[in-house]
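# Structural characterization, general
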Amino acid sequence: GLAPAEIGELAYRLKGCNACHSVDGSRGTGPTWQGAYGKTEQFTDGSSTTVDDNYIRESILYPARKIVAGYSNQMPSYQGQLTEEELAGIIEYMKSLSN
């Protein structure tokens, strides 16, 4: 079987995450995934949080809740479109891009 990060990388490509999120640090419609895990992200409402498993999960399922400053609310919810294995894999893939 595939490692969790490999499942996440597949989901990144097959579910269209790559259309808006780069993995090389370049700016897209959404923030890059490179170096994202563990960083402190500022939001349009003035709040901030550390990018962790819970934040990533919330951002995928309820993307409008916290919009990263400098970006607009363009991400659709992926609720019901990703398996638990894919969600966990995306988190592991993001971790692998942030070491």
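Residues numbered from 1 in each chain as written. Predicted model: local features only at pLDDT ≥ 70, side-chain atom pairs only at ≥ 80, totals over all residues. Heavy atoms only, no water.

### So, the pattern of salt bridges
Considering all chains together, one arrives at eight salt bridges under this definition. Linking arginine 13 and glutamate 9 is a salt bridge whose minimum nitrogen-to-oxygen distance equals 3.8 Å. Taken together, the residues arginine 13 and glutamate 9, both in helix 1 (residues 4–14) and four residues apart, mark about one turn of the helix. Its relative accessible area of 33% is what places glutamate 9 among the partly exposed residues. As a salt-bridge pair, lysine 15 and glutamate 86 come within 3.9 Å of each other at their nearest N and O atoms. Residue lysine 15 is found in the loop between helix 1 and strand 1 (40–42), and its partner glutamate 86 is found in helix 3 (residues 84–96); the two are separated by 71 residues along the sequence. (Salt bridge = Lys/Arg side-chain N within 4 Å of Asp/Glu carboxyl O. Helix = DSSP H or I, 4+ residues; strand = E, 2+ residues; numbered from the N terminus. Buried < 20%, exposed > 50% of the residue type's maximum accessible area, 1.4 Å probe, protein only.)

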